[in-house]
Amino acid sequence: MSKPTANWEKVGDKFYRKVQLYTGVFDADLELENYKVVGAPYSGAVAIYRDDAKLHTYRGPGAGRASIDVYSCAGKLIRSINWDKGAIKGLGWAEDEKLLVVTEDGTVRCYGDLQGDFAPFTLGHDADQHGVVACRFYNTGFVALLANNHLVSVASYAEPRPKLLAIPPADPVVAWHIVPPAYSLSRSVEVVLAIGRTLWVVDASEAEDRHFDAGPFRHISVSPRAEFLAFYTDDAKVWVVSGDWSEKLSEYDTRVRTVPKDMQWCGSNAVALAWEDEVHVVGPNSAATKFYYDTCVHLLPDVDGIRLLTNDVCEFLQKVPDETVAVFRLGSDSPAANLLEAASLLEQKSPRADDLIQLIRPRLAEAVDACIRAAAHEYNIHWQKALLKAASYGKSVLDLCSSDDFVDTCDTLRVLNAVRFYEIGLPVSYDQYRRMTPEKLIERLTNRNEYLLALRVADYLHLPASHIHGHWAQQKVRVSTDPEDDICRLIVKKLAGKPGVSFEDIARAAYDEGRIHLATSLLDHEPRAGKQVPLLLSMKEDTIALDKAIESGDTDLVFHVLLHLRKKLPLASFFRVINTRPVATALVESSARDQDTDMLKDLYYQDDRRLDGSALLLSSALSQPALPAALDKLKLASKYLADSRDPPAAFLRSALDDAQKLLHMQTQFERDLQQSTRDIPNRDTTPTSLVGLSAADTVFTLIKEGHTKRAQKVVAEFKIAEKSYTWIRLRALVASRRFIDVEDWAKAKKSPIGWAPFFNEVLAAGNSRVASLFIPKCTHLSVAERVDMWLKCGLLVKAGEEAHKARDTELLLSLRDRASGSAAVEIERLIGGLTKGR
């Protein structure tokens, strides 16, 4: 096994390594030099499309069809997108491996999951008139340069809102690059433009000339975190300046008179320049190294290095991590290097292993950590195992050492080695894996239809797998040619017991493919009605959607469906749909009662619910401000019940007719009373309003106002019972303080309601004298009750006489305790009379 340092190159005081990832990537006849090549971040997919500015070998009439081909880094074709939408002026990737395609007329397509589905939008700002010249992409957005030098920025692919940046000079742009918002001082995207011999920086608010007069600059490149900027000058030199433009850090003379086709940063430490078959890597202090290839090479920058792609090979160039340098550098005496040597000697059963361990024992924990980190950064499985064995050996010697980092690194390397396999083609580095997160890695595997590996990785890392199952099912309904019922059964069988899977998403995918029956069948297995109903409505399965909403018990969801149906259907059809569904009918009634009474009236009429319709008209009559309108509503409500066969209808119709008669009588009484008031001079009292009162209240008001004959007309007309009338008259007389009439009433022999109510009502009005007149008439009451009534009137002697008459000595004695003065003397006399009688 060759040493890890075999592929290292020293650039200044730093080491760079070129890791061979895959060989035989593309066929030799692909002519990669005639294609534009862009790579997704984190060692993602590679998109290529033919450069129309270059000549191609003629391969027949069918080969001339334009397409965007998406490959893995190992050269495996993932997706081919046929393209006939115009010249492509921008092709780039988002951080989550979305492919962005920008055409000359400003149309943008965002391909979300490597499956060919896209979301389109346009740049606007007259991009279709002036045309797009070029685009520069960053993790979450991009900037488009128009032919009139205007710059249009899109900050988010999820909610694209193209924004015009400040206007730069109109002179031709030689080269340009962008500073992402996350690393710019203004916190908005900044664009560095090479115009003429100087550089301009443009953001959302201003365009500033930085007075760099060494141009023209043929290439501009910004480091991944914008700490440095690199410029390629017209005299074949590379300048590197600080991110704040304050200091020139290095200058390198390439001594090549041909302008390189590309210049990109290799991580944040070096700049890579690519000609057709030659690559220069320029590090700090103008140090450089060169690499040569047999075919054209393309640069695919990443966060921690750069991929070098040719027809024959895919390599990864990066600065060697410090831990790896400490372990493998020739002549290294670091604790980690000694620990690795000790582990090797231990395998050879050499006693020198223990000597090395004792030598580094004070720093053994540091050595263990360094070996673990170096193993994580290593691509070669042999050296991964060697480093982990060394770390394990060191841990066994330490008295106290946590194994968490060791176990996590082992898990990570198993995952990374699996996805780096050439059939998968995801050569993710350890730093990229940490930035991307395991969840995003699983998502990338899923988008490549590598479901088995994605499930195994998710299970190994104890992560949810619902997205994987859902993606598999969606692909199944898109591409399977089996009968739809068989597809549904297979999906349900496979996903049974799998938590978190949304059948709504699967059904939507089926609907998008035109498989309506399959979509409906799949929705039957979605437990959440809130997910079922919107899709059913979009599928025009309105009645099924209504039934599902009713089954859910969610009234808001039912109202949503009903509103949709009301807007879509004629009123008669809408009523036919809800009439067989009592819950829906009840919700429509409750809503229409407050918002649309006309619709409610139509509903009752169509459903032949005459009682409900009449009640609605009665309610409307009660709310009418004008009496004629109220009478019209009452007549209509009564007429509504004319042909009804419901038993209560006759009674209700009679009640409505009585209500009309009462309103007529009240109106006539009011008119007569107002006329009589006008006829009496110097009378300012306004008659009490009668309209709207009940029959009993009308009688009460009339008696109270002194119109007894009119009150008796009402009593006779509506056959008010004698007991009810007696109560009404009593309360009216008491309310109007006409105690003389009440006193005359006491001369009667009988009362329909008895005499106790008279006593109570009059006494409550404060007239104890008149109230006492009714006590002797309450013969049905006990002696104690009558005595209590006398006491309430303040007539203690009368109470004593009542007790004496009943010969109740105990009651008299209790009265004596409450009496004083002459009353006490009289009570004592009454007690004495009872005593002598004994």
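- Under an unreviewed UniProt entry, the name given to the protein is Probable vacuolar protein sorting-associated protein 16 homolog, and the organism recorded is Didymella exigua CBS 183.55.
- Here the protein is described in UniProt, under the heading Function (unreviewed entry), as follows: "Essential for vacuolar protein sorting. Required for vacuole biogenesis, stability and to maintain vacuole morphology."
- Its UniProt record, at the heading Sequence similarities (unreviewed entry), says of the protein: "Belongs to the VPS16 family."

Quick notes on the overall build of the protein
Alright, step 1. The secondary structure content of the protein amounts to 33 helices and 29 strands.
Alright, step 2. The proportion of buried residues among the 838 residues of the protein is 48%.
Alright, step 3. Sequence-distant contacts, at least 24 apart, represent 48% of the contacts inside the protein between residues at least 6 apart.
Alright, step 4. As presented, the protein carries roughly 41800 Å² of accessible surface, and 50% of it is formed by carbon and sulfur atoms.

Description of the sheet that holds strand β12 (residues 142-146)
Each strand in a sheet pairs with another by means of backbone hydrogen bonds, the pair being arranged parallel or else antiparallel.
Alright, step 1. Taken together, the four strands give an open sheet; going across it, the order is β11-β12-β13-β14, and neighbouring strands pair in antiparallel fashion. Only two strands of the sheet have a single neighbouring strand rather than two, namely β11 (132-137) and β14 (163-164).
Alright, step 2. Across two bridges, the pairing between strand β13 (residues 151-154) and β14 is antiparallel. Its bridge partner being in β14, S153 is matched across the sheet by K163.

Details of unusual backbone geometry
Trans is the common state for peptide bonds, and a negative phi is the common state for residues other than glycine.
Alright, step 1. In this structure, Y42 takes a positive phi of about 60° despite not being glycine.
Alright, step 2. Relative to the assigned elements, Y42 resides in the loop between β3 (35-39) and β4 (46-50).
Alright, step 3. A relative accessible area of 5% places Y42 in the buried class.

Things to note about the sheet that holds strand β9 (residues 107-111)
Alright, step 1. Ordered in space as β7-β8-β9-β10, the four strands form an open sheet in which the pairing is antiparallel. This sheet does not close on itself; its edge strands, each paired only once, are β7 (88-93) and β10 (118-122). The mean inter-strand angle of the sheet, taken between neighbouring strand axes irrespective of direction, is 15°.

Some remarks on the environment of F231
Alright, step 1. Checked against the element boundaries, F231 lands in strand β20 (residues 228-233).
Alright, step 2. Put simply, F231 and H219 are 12 residues apart on the chain and 5.7 Å apart in space, counted from C-alpha to C-alpha.

Observations regarding the packing of helix α24 (residues 695-705) against helix α26 (residues 722-735)
Alright, step 1. One can describe the packing of α24 onto α26 by two numbers: an axis separation of 8 Å at closest approach and a directional angle of 40°. Taken together, the axes of α24 and α26 are oblique relative to one another. Of the two elements, α24 crosses α26, and the hand of that crossing is right-handed. Along the contact surface, α24 presents A696, V699, F700, I703 and K704, while α26 presents Y725, I728, R729, R731, A732, L733 and A735.
Alright, step 2. By residue class, the composition of the contact of α24 with α26 is nine nonpolar, no polar and three charged.

Digging into the pattern of salt bridges
Alright, step 1. Under the defined criterion, the tally for this structure stands at 29 salt bridges.
Alright, step 2. Residue K36 is joined to D51 by a salt bridge in which the shortest nitrogen-to-oxygen separation is 3.9 Å. Of this pair, K36 sits in strand β3 while D51 sits in the loop between β4 and β5 (67-71), and the two are 15 residues apart along the sequence.
Alright, step 3. On the basis of relative accessible area, K36 is assigned to the partly exposed category, the value being 38%.
Alright, step 4. Between E743 and R769 there is a salt bridge, and its shortest N-O distance comes to 3.1 Å.

A word on the pairing of β7
Alright, step 1. Of all six residues making up β7, five are buried, and the element is well covered by its neighbours.
Alright, step 2. In the sheet, β7 pairs with strand β8 (residues 99-103) via five bridges, with the strands oriented antiparallel. Residue L91 lies in a different strand from β8, and its bridge partner there is V101.
Alright, step 3. Once β7 ends, the chain turns through five residues before running back antiparallel as β8, passing E97 with a positive phi of about 65°.

Some remarks on the environment of D431
Alright, step 1. On the secondary structure map, D431 appears in helix α8 (residues 430-436).
Alright, step 2. Looking at D431, the relative accessible area reads 27%, which means it is partly exposed.
Alright, step 3. Taking the C-alpha atoms as reference, D431 lies 9.0 Å from A376; in sequence the two are 55 residues apart.
Alright, step 4. If sequence neighbours within four positions are ignored, D431 has contacts with D304 and H377.

Looking at the nonpolar core
Taken as a class, soluble globular proteins show a tendency for nonpolar side chains to be buried jointly.
Alright, step 1. Counting 51 residues, the largest nonpolar core has V699, F774 and L815 as the members making the most contacts within it.
Alright, step 2. Considering each element in turn, this core owes the most residues, six residues, to α26.
Alright, step 3. Apart from residues lying up to four places away in sequence, L815 is in contact with V787, L791, L796, A799, G800, A803 and I827.

Some details on a negative patch on the surface
Alright, step 1. Residues E33, E276, D277, D294 and D312 make up a contiguous surface patch of negative charge.
Alright, step 2. Its location among the elements puts D312 in the loop between β28 (306-309) and β29 (313-319).

Regarding the packing of aromatic side chains
Alright, step 1. Tallied over the full model, the rule gives 18 aromatic pairs.
Alright, step 2. Their ring planes at 75° and their centres at 5.3 Å tell us that F328 and W383 sit as a pair that is edge-to-face. Within this pair, whereas F328 is found in helix α2 (residues 322-328), its partner W383 is found in helix α6 (residues 381-397), the two being separated by 55 residues in sequence. Of the two residues, F328 and W383, both sit in the buried class.

Remarks on the pairing of strand β16 (residues 190-195)
Alright, step 1. Counting buried positions over the six residues of β16 gives six, a clear majority of the element.
Alright, step 2. Because side chains alternate across β16, one face comprises the buried residues E190, V192 and A194, and the other comprises V191, L193 and I195, equally buried.
Alright, step 3. Relative to β16, strand β15 (residues 173-179) runs antiparallel, the two sharing six bridges. Looking at the pairing, I178 lines up with V191 of β16.
Alright, step 4. Bridging between β16 and strand β17 (residues 198-202) involves five bridges; their strand directions are antiparallel. Note that in β17 the partner of L193 across the bridge is W200.
Alright, step 5. Linking β16 back to β17 in an antiparallel pair, the connection comprises two residues, with G196 at a positive phi of about 65°.

Describing helix α11 (residues 466-479)
Alright, step 1. The end-to-end C-alpha distance of α11, which contains 14 residues, comes to 20 Å, matching closely the 20 Å that a straight helix rising 1.5 Å per residue would cover.
Alright, step 2. Of all the positions in α11, only I468, H469, G470, H471, A473, Q474, Q475 and V477 are classed as buried.
Alright, step 3. Check the buried side of α11 and you find it contacts α9 (438-447), α10 (451-460), α12 (484-495), α13 (503-512) and α14 (516-523).

What counts as what
For every chain, the first residue of its written sequence is number 1, and the numbers climb from 1 along that sequence. Totals for whole chains, interfaces and linings use every residue, but because this is a predicted model, local features are given only for residues with pLDDT of at least 70 and side-chain atom pairs only at 80 or more, for both listing and counting. Just so you know, side-chain values use all the structure's heavy atoms and leave hydrogens and water out. UniProt positions are given in the numbering used here, feature names are shortened, and annotations may be inferred rather than shown by experiment. Each helix is a run of H or I in the DSSP string that is no shorter than four residues. Each strand is a run of E no shorter than two, and both are numbered from the N terminus. Classification of residues uses two cut-offs on accessible area relative to the type maximum, computed with a 1.4 Å probe and protein chains only: under 20% is buried, over 50% is exposed, and between them is partly exposed. In this analysis, two residues are considered to be in contact whenever any of their non-hydrogen atoms come within 4.5 Å of each other. For accessible areas, the Shrake-Rupley method is used with a probe of radius 1.4 Å. Any residue's cover is judged against the shown protein chains and nothing else. The criterion for strand pairing is that DSSP finds at least two bridges linking the strands in question. Fitting a line to C-alpha atoms yields each axis, with helices limited to the stretch in contact; the angle taken between N-to-C directions then spans 0 to 180 degrees. Any angle that is under 35 degrees is reported as roughly parallel, and any over 145 degrees as roughly antiparallel; angles of 65 to 115 degrees are reported as roughly perpendicular and all others as oblique. The crossing is said to be left-handed when, going from far helix to near helix, the turn is anticlockwise and less than a right angle, and right-handed when the turn is clockwise. Put simply, Ala, Val, Leu, Ile, Met, Phe, Trp, Tyr, Cys and Pro go in the nonpolar bin, Asp, Glu, Lys and Arg in the charged bin, and everything else, Gly too, in the polar bin. Salt bridges are identified by distance alone: a Lys or Arg side-chain nitrogen within 4 Å of an Asp or Glu carboxyl oxygen. In this text, buried Ala, Val, Leu, Ile, Met, Phe, Trp, Tyr and Cys residues form a nonpolar core when linked through side-chain atoms within 4.5 Å. Surface patches are defined over residues having more than 30% relative accessible area and no salt bridge, joining like charges when they lie within 9 Å and nonpolar side chains (Val, Leu, Ile, Met, Phe, Trp, Tyr) when within 5 Å. Positive charge is attributed to Lys and Arg, negative charge to Asp and Glu, and no charge count is given to His or to the chain ends. The location of each charge is read from NZ of Lys, CZ of Arg, CG of Asp or CD of Glu. Centres within 6.5 Å are what make two rings of Phe, Tyr or Trp a pair, Trp counting through its six-membered ring; a difference in plane orientation under 30 degrees is then read as stacked, over 60 as edge-to-face, and the rest as tilted. In this scheme, a helix's expected span is set at 1.5 Å multiplied by one less than its residue total.

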